[in-house]
Amino acid sequence: MYGKKVKFRFLFLALVLISVILSVFLILQSLKDNVVYFQSPSEIKSLIELDKNKIRIGGLVKEQSIFIDPKEIKFIITDLKNEINVTYSGAVPNLFAEGKGVVAEGFLKDRNYFSATKILAKHDENYMPPEVKEAIGDK
Amino acid sequence: MLASQIGYYSLILGLLLTFTLCGVSIKDFNSSKKNVDQNIYTLSFLQLFLVIVSFLSLILSFVKSDFSNETVFNNSHTTKPLFYKITGTWGNHEGSLLLWLLVLTLFIFLFLIKSKEQPKKYRILTLLFQQLIIIGFFLFVLMTSNPFNYLFPIPTEGLGLNPILQDPALAIHPPLLYLGYVGSSIIFSASLSAVTQNYISKEWGQHIKKWILVSWIFLTIGIMLGSIWAYYELGWGGFWFWDPVENVSLMPWLTLTALLHSILVLERKTILTSWVVILSITTFTLSMCGTFLVRSGILNSVHTFANDPARGIFILIFLFVLIFLSLGIFFLFHKENNKVSKNFFWLSKESSILVNNWFMMYFLSVVLIGTVYPIFLDVISTEKISVGPPFYHKLIAPFLAPFLLFMALGPKLKWIKSKIEDKISSVLFFIISVALTFIILKNLSIDLLFYTVLISAAFFLFFTTLKELFVKKFNNISQLIAHFGFSLFLLAILFNSILSSEIITNIKVGEKYNYNKGEIFFEKIEEKKENNYNSIVGFFKITDKNSKTIQLKPEVRIYNQPTIITSEADIKTTLLRDNFLVMNLVKGDEYFNIRYQVKPFMLWIWISVLLISFGGTMSLIKKRYEK
């Protein structure tokens, strides 16, 4: 039979292997649950089935579309082809303005209404999120 | 003009000198002389000197607002305060790479003069490996990101520095972070050299530990400063967002922490040698990867200055060369040391340190996958995704409780074999911690099992280390302080996340907003004119249910160059809580969007991180003192 040492080693290796497999499985599993997909207004219009999960929508804030009251902010995100109405009741980042790029995170109510839980900050005036750039085409 | 030229030519000269240095080192490596050739010291010093000259001339160009220099033109402005003209030097891509180079040369020079008791061949080989990295960065700076590009005709005014970077915390954050990041290059070079020379021993462990500590301390404080900045400048009221850019700084920190622990085993028992080398290689590789991801424009953030694919490709190639080279060396030269007995008892200090390493590797893989997976998916398909905080919280939080228990009990075990002494006090502390947690959480009416377990574990570590600190006095004090700091850190974070409250509303001047715990009164606004920005200061009176009133004055700044609006949060910090108020213009100036947060124990998060790094510093000083 094998010595005690070899047995111990074997046990150790098996333990390591199992824990590695388990943790990889765990990580991938939660990755699946916690990923947020990005979509443009046009993509949403062409959806066959509404996504119930949290998504991100990017595009430009339509000119003259911001409407504000004490409770919430309403605005329209456009990719210059299609648009979607957004309602939001949270803090807005510095560079949120009409005609500028925006990324909103939240849930779809239907193909025309989006309820945002977060509006993402940008750091730089000239910078446009790549997702937004892609969504509005190379304009 | 002149300064730029001096800067540029000293860089070229520096590169040429590096080749000479390599030549002299190789010659000296093969010679039979006992000591390192004096010329090597001189050349290494000259190399450092030339890079410093180059760096200083860039600073000078910034101070003088010399817009014939492209870097200055892109990132500075005449109306900018002097302090930010200087710090703007490393607030951009070109300048920050020059800083990388500066730290690289600084560290190898310090290594040379501080390692005189080490074997000659080992020292020279370390120097050579480091020079390889230095040459790579010289070429990188000169070929793709020359800080001294000439502009003609000379513009009269610069484009200005992004205002959110004009901040004291951010002025010192890059240099400190770089000392940590780039400090790991020495560990990398030294481990490769030690592998080749078959010199991985107790002496080597003791010697390299200091360098690991230095990197680790700077990295810890560097990350903290970035986090403090994000807390008050970005206006989100949090201090960690699991943003990819934050993650890439956390990853080398995790491996460095693992390395710091396993080197303790190596310096006593000469085991885990391959593991230490692998960790050293990984740490530096992760630092380089971080630089690659941040600089290539793959990750978009405030760190992305200008996207230039050439830069990304250069770092990527360089990175691959380094990885293959180091792995090649490792597999070719590494020999297991068979002389050392391998009696490994399961309940001993080294196995508990191994446990630490396993946890660190697990945390690392979570952060790595969360950061890299979206990039990977973007490359292989068109799908764009993001991985948010819930992913990290879900995967990391459950493992923190056992991690904390090991942190409390592990250090009490003896090397190799240990009897579990003072079982009674441990059990007692455990009961106290659980009871205390129950009482506190009952009072707050939170009955989540998850919090109970985590907070109990944190309290357990807190009490155990506190007791040891009093009983043992100076024995092992650095470890105790660091672990104590960590328990404080987690307690602060946990209570902060449980007890934080937030009000977000849109409000006009003169209006009152009532919420269940009090009232926010927007008294008035005042306008202020500064040299490089105009600001609107809001005056708020916040009355809580005990009718205590605090006044907060957040600001909205409109910078003139470049035209950017930033909000300056007003934070009232006390030992118990931070009151945080930030306001923002939405459209016109009728409504202001405000966010008011009460964040308990914020100050303790920073204090505990300082304590953790202070623990590291103690360890560094203690070693010196004993000699």
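Sequence order sets the numbering: in each chain, residues are counted from 1 along the sequence as written. As a convention, the first chain written is A and the first ligand written is 1, with the rest following in written order. Where local features are concerned, this predicted model is filtered to residues with pLDDT of at least 70; where side-chain atom pairs are given and counted, the filter is 80 or more; whole-chain, interface and lining totals use all residues.

Undergrad: Go over the overall build of chain A with me, naming the residues and quoting the values.
TA: Counting secondary structure elements, chain A contains three helices and seven strands. A helix here means a DSSP run of H or I that spans at least four residues, while a strand means a run of E at least two residues long, and both kinds are numbered starting from the N terminus. For chain A, the sequential pattern of α-helices and β-strands runs α-β-α-β-β-β-β-β-β-α. Across the 139 residues of chain A, 32% fall into the buried class. Here, residues touch in the contact sense if the C-beta positions derived from the backbone fall within 7 Å of one another. Counted over contacts in chain A with a minimum sequence separation of 6, partners at least 24 positions apart contribute 57%. Three exposure classes are used, all based on how many other C-beta atoms lie within 10 Å of a residue's own C-beta (placed from the backbone): buried at 20 or more, exposed at 12 or fewer, and partly exposed between those limits.

Undergrad: Can you break down the overall build of chain B residue by residue, with the values?
TA: Summing up its helical and strand segments, chain B has 17 helices and eleven strands in all. In this treatment the radius of gyration is a C-alpha quantity, and the globule benchmark scales as 2.2 Å times the residue count to the 0.38 power. Taking 627 residues into account, the globule formula puts the C-alpha radius of gyration at 25 Å, and chain B, at 27 Å, falls close to it. Principal-axis analysis of the C-alpha atoms gives chain B an extent of 85 × 80 × 50 Å. Out of the 627 residues in chain B, the part that is buried amounts to 47%. For chain B, the share of sequence-separated contacts (at least 6 apart) that also reach a separation of at least 24 residues comes to 73%.

Undergrad: Describe the packing of helix H1 (residues 2-30) of chain B against helix H6 (residues 120-144) of chain B, listing the residues and the values that go with them.
TA: All names here are of chain B. Two elements in contact, H1 and H6, have axes whose closest approach is 10 Å; the angle formed by their N-to-C orientations is 160 degrees. Viewed along their axes, H1 and H6 adopt a mutual orientation that is roughly antiparallel. Where H1 crosses over H6, the two elements pack in a sense that is left-handed. Taken together, the residues of H6 that come into contact with H1 (itself represented by Leu11, Gly14, Leu15, Thr18, Leu21, Cys22, Ser25, Asp28 and Phe29) are Lys121, Ile124, Leu125, Leu127, Leu128, Gln131, Ile134, Ile135, Phe138, Val141 and Leu142. Grouping the constituent residues of the contact of H1 with H6 by class yields 14 nonpolar, four polar and two charged. Axes, fitted as lines to C-alpha atoms, cover a helix only where it is in contact. Angles between the N-to-C directions of the axes lie from 0 to 180 degrees. Comment on the angle field: the value is read as roughly parallel under 35 degrees, roughly antiparallel over 145, roughly perpendicular from 65 to 115, and oblique elsewhere. In a left-handed crossing the near helix is turned counterclockwise from the far helix by less than a right angle, and in a right-handed crossing that turn is clockwise. Residues are grouped as follows: Ala, Val, Leu, Ile, Met, Phe, Trp, Tyr, Cys and Pro are nonpolar; Asp, Glu, Lys and Arg are charged; every other residue, Gly included, is polar.

Undergrad: Just give me the short version of the nonpolar core, but keep the residues and values in it.
TA: Among the nonpolar cores identified, the biggest contains 145 residues, and Trp100(B), Leu101(B), Val103(B), Leu104(B), Ile212(B), Leu404(B) and Ala458(B) are the most heavily contacted of them. The element that contributes the greatest number of residues to this core is helix H8 (residues 202-233) of chain B, accounting for 17 residues. Note on terminology: a nonpolar core is a set of buried residues of type Ala, Val, Leu, Ile, Met, Phe, Trp, Tyr or Cys, with members joined through C-beta atoms within 7 Å.

Undergrad: Before we move on, can you summarise the interface of chain A and chain B with the specific residues and values?
TA: Every contact between the two is made by 29 residues of chain A and, on the other side, 37 residues of chain B. Breaking the side of chain A that touches chain B down by element, the ones donating at least two residues are helix H1 (4-34), strand S1 (35-39) and helix H3 (130-135) of chain A. With six residues, the single largest contributor to the side of chain A that touches chain B is H1(A). Residue composition of the side of chain A that touches chain B, grouped by class: 17 nonpolar, seven polar and five charged. For two strands to be treated as a pair, DSSP must find no fewer than two bridges joining them. Here S1(A) runs beside strand S1 (residues 385-387) of chain B; their pairing, made up of three bridges, is antiparallel. Opposite Val36(A), over in S1(B), you have Ser386(B) as the bridge partner.

Undergrad: Talk me through the confidence of the model for chain B; I want residue IDs and the actual numbers.
TA: For chain B, per-residue confidence averages 87 on the pLDDT scale, and residues scoring 70 or more make up 92% of the total. Note on the complex model: pTM 0.90, ipTM 0.78. In predicted models, pLDDT denotes the confidence assigned by the predictor to each residue on a 0 to 100 scale.

Undergrad: Now, about the environment of Ser4(B): what can you tell me, with residues and values included?
TA: Along the polypeptide, Ser4(B) turns up in helix H1. Expressed as a C-alpha distance, the spacing of Ser4(B) and Tyr178(B), which sit 174 residues apart in the sequence, is 24 Å.

Undergrad: Summarise the confidence of the model for chain A; cite the residues concerned and give the values.
TA: For chain A, per-residue confidence averages 80 on the pLDDT scale, and residues scoring 70 or more make up 83% of the total. Confidence, read as mean pLDDT per element, is least for H3(A) in chain A (64) and greatest for strand S5 (residues 83-88) of chain A (92).

Undergrad: So what's going on with unusual backbone geometry? Which residues, and what values?
TA: Between Phe152(B) and Pro153(B) the backbone carries a cis peptide bond, its omega angle lying at -5 degrees. For Leu80(A), which is not a glycine, the phi torsion comes out positive at approximately 75 degrees. In this fold, Leu80(A) is placed in the loop between strand S4 (73-78) and S5. Note on Leu80(A): 14 C-beta atoms within 10 Å, which makes it partly exposed. Of note, Thr270(B) is a non-glycine position whose phi angle comes to about 50 degrees, a positive value. Structurally, Thr270(B) can be placed in the loop between helix H9 (244-269) and helix H10 (273-295). Taking the C-beta count within 10 Å as the criterion, Thr270(B) has 18 such neighbours and is therefore assigned partly exposed.

Undergrad: Explain the domain arrangement of chain B to me, and be specific about the residues and the numbers.
TA: All names here are of chain B. For the domain bounds, the source is a domain assignment made automatically or taken from a database. Along its sequence, chain B is carved into domain 1 (1-162) and domain 2 (501-602). Taken over C-alpha atoms, the centre of domain 1 sits 44 Å from the centre of domain 2. Between domain 1 and domain 2, the residue contacts involve six residues of the former and five residues of the latter.

Undergrad: Kindly report on the pairing of S5(A), identifying the contributing residues and their values.
TA: All names here are of chain A. Side chains Ile84, Val86 and Tyr88 project from S5 onto a buried face, and the interleaved Glu83, Asn85 and Thr87 project onto a face without burial. As paired elements, S4 and S5 share six bridges and run antiparallel to each other. Following the sheet pairing, Ile77 is matched in S5 by Ile84. In textbook terms, the turn of a hairpin is the stretch between consecutive antiparallel strands, and for S4 and S5 this stretch comprises four residues, one of which, Leu80, has a positive phi near 75 degrees. As paired elements, S5 and strand S7 (residues 113-119) share four bridges and run parallel to each other.

Undergrad: Any details on the sheet that holds strand S10 (residues 577-585) of chain B? Residues and values, ideally.
TA: Residue and element names in this part refer to chain B. Strands sit in the order S2-S11-S10-S9 across an open sheet of four strands; the sheet is antiparallel. Both outer strands of the open sheet, strand S2 (501-507) and strand S9 (570-573), are each paired with one neighbouring strand and no more. Within the sheet, the average angular offset between the axes of one strand and its neighbour, ignoring direction, is 10 degrees.

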